[in-house]
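# Coordinate inspection notes
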Amino acid sequence: MDFRFTPEEDAFRAKIHAWLETTTRAVFGRGQDGPGASTASLMDVGDESRWQRLKQYHRRLYDAGYAALHWPKQYGGGGATLIEQAIYQDEALSFGMPLYGCNQLAIDRIGPTLMFMGTQAQQDRYLPSMLTGEEIWCQGYSEPNAGSDLAGLQTRAVVDGDSFVVNGQKVWTSLAHRADWQVLLVRTDSEAPKHKGISYLLVDMKSPGITVRPLVQITGDAGFNEVFYDNVRVPKENLVGEINQGWQVSIATLMYERVSGGTRHPVERTINELLELAKQVQFEGMPAHQHPYVRQKLAQFAVEARCLRLSRYRSLTSQLKGKIPGPESSFGKLFATELNLRVAMFADELLGPYGTLEKGSLGAVEGGRWSQRTLSARGLTIAAGSSEIQHNIIGERVLKLPKG
Ligand SMILES: Cc1cc2nc3c(=O)[nH]c(=O)nc-3n(C[C@H](O)[C@H](O)[C@H](O)COP(=O)(O)OP(=O)(O)OC[C@H]3O[C@@H](n4cnc5c(N)ncnc54)[C@H](O)[C@@H]3O)c2cc1C
């Protein structure tokens, strides 16, 4: 492992940093919170005006050639090296920016899945507008009775002439209320073993028969949705891969996510903000940042965040040596989201009763953003595979423990 960057890589970092500084200030304003860099779901994009600013930001990202540094050039991406991608990710997260603008799922996972498994026609039709952010995508996987056990999904599709006809329900679909398109996992063979009867469809969200019902979360925002399908017709050419092979297609997506570096969270930025908070508030009658208990906590968080970063570099090094990343990406997801939750909860502890004041209410410290964070941080430990599921994966596939 070599932690030094070459002069060219340092120059690349400086260029990205300068671009982010100018652009985030132009779009989101000086000292304003960005839209939140939660890569899991974009749950915290907030209200319409924030969404519009995020779209503006996306356009600038695209114009600068940074919207998809990890995509090969032949598909309109940046064709960046793994190190350049990691540098871009570190910098974007340090500014609190989502890595792929307003089209997180499309650029991170769905586009690459189409590059691997889609037809030429599908690639030509969908990839360009993913990049520009003109068509927003969401992911219809989870159902009321199929979350951790995704392969148990029941939304059905039957072939009728040139179409699939879809009936059923999805839930927790982030951004469905803003999305133009959706990747949808459906059951096309109910007789086959559960992993073998699933297909992967590309669905136009404006199709007749789709109803999107927003779910209001504890934060007061409505970032995810229930989606109902009532005889929705999906043209056969929108099938990705073979019929009943949708599980393999979704695994390809997962593999790509691992190769592209796995889940990333802006936890270091949050810890720096916690330090600033500790300088402003009192704790047990003294400035919080001088209190031994607070100092110990801050140091502990900083050490953990550094371990996380080094562990990501270790994984990057093994990828650079040509090794395929394995289930250790579960460790990154688990550790980052749990650390993020503990940091947010500690901020609440520092704030005491003030920590319970809602966003925007009189007396709320920093506009109440810490209480918002605590409320949304829990969701990140569930999205994209809950902490318990990550523990299972680590136990079984990394530590080789017997199945529970
Ligand atoms: C913020 C957010 C955004 C999301 N966005 C999307 C999206 O865009 N598209 C989409 O399809 N889904 C999305 N989801 C859904 C997410 O994928 C599911 O919530 C997640 O997979 C868990 O499934 P579940 O909610 O059905 O819980 P369940 O699977 O019912 O689990 C309930 C509890 O049991 C535990 N549990 C379950 N099985 C096991 C086991 N084998 N061993 C130990 N413990 C277990 C879980 O950890 C959990 O604590 C999102 C969720 C959140 C929170």
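Structure: see above.
Here's a quick rundown of the structure.

Calculation rules
- Residues numbered from 1 in each chain as written.
- Predicted model: local features only at pLDDT ≥ 70, side-chain atom pairs only at ≥ 80, totals over all residues.
- Heavy atoms only, no water.
- Near = heavy atom within 4 Å.
- Polar contact = N/O pair within 3.5 Å; in protein donor to acceptor, adjacent residues only side chain to side chain.
- Areas by Shrake-Rupley, 256 points an atom, 1.4 Å probe, with all protein chains shown as cover.
- Salt bridge = Lys/Arg side-chain N within 4 Å of Asp/Glu carboxyl O.
- Helix = DSSP H or I, 4+ residues; strand = E, 2+ residues; numbered from the N terminus.
- Buried < 20%, exposed > 50% of the residue type's maximum accessible area, 1.4 Å probe, protein only.
- Contact = heavy atoms within 4.5 Å.

## Describing the site of the ligand
The full set close to the ligand counts 18 residues, and Ser-142, Ser-148, Trp-172, Ser-386 and Glu-388 are the nearest of them. At 2.7 Å, a backbone N or O of Gln-139 approaches a nitrogen atom of the ligand. Glu-388 is positioned with one of its side-chain polar atoms (N or O) 2.7 Å from an oxygen atom of the ligand. Here the ligand, which alone exposes 970 Å², has 65% of that area covered by the protein.

## What about the pattern of salt bridges?
Under the criterion given, the structure shown has 20 salt bridges. Across the pair Glu-48 and Arg-178 runs a salt bridge, and its minimum N-O distance is 2.9 Å. Separated by 130 residues along the polypeptide, Glu-48 in helix α2 (residues 48–63) and Arg-178 in the loop between β3 (163–174) and β4 (181–187) bring together distant segments of the chain. For Glu-48, a relative accessible area of 44% translates into the label partly exposed. Using a relative accessible area of 17% as the deciding quantity, one classes Arg-178 as buried. We note a salt bridge from Arg-369 to Glu-273, for which the minimum N-O separation is 3.8 Å. Here the residue Arg-369 occupies a position in helix α10 (residues 369–382), and Glu-273 occupies one in helix α7 (residues 267–280), the gap between them amounting to 96 residues. Judged by relative accessible area, Arg-369 falls into the partly exposed class, the value being 22%. Through salt bridges with shared partners, a single ionic network connects Arg-269, Glu-273, Glu-366, Arg-369 and Arg-373.

## Considerations on the side chain of Thr-270
Inspection of the secondary structure assignment puts Thr-270 in helix α7. The exposure class assigned to Thr-270 is buried, which follows from its relative accessible area of 7%. If we ignore the near neighbours within four places in the chain, the residues touching Thr-270 are Asn-340, Val-343, Trp-370 and Arg-373.

## Looking at unusual backbone geometry
Positioned with a positive phi, Trp-172 is a non-glycine residue whose angle comes to about 65 degrees. Of note, Trp-172 is situated in strand β3. Phi angles above zero are rare outside glycine, and Asn-231 is one such case at about 50 degrees. Locating Asn-231 in the fold gives a position in strand β7 (residues 224–235). In this structure Asn-231 comes out as partly exposed when scored by relative accessible area, which is 48%.

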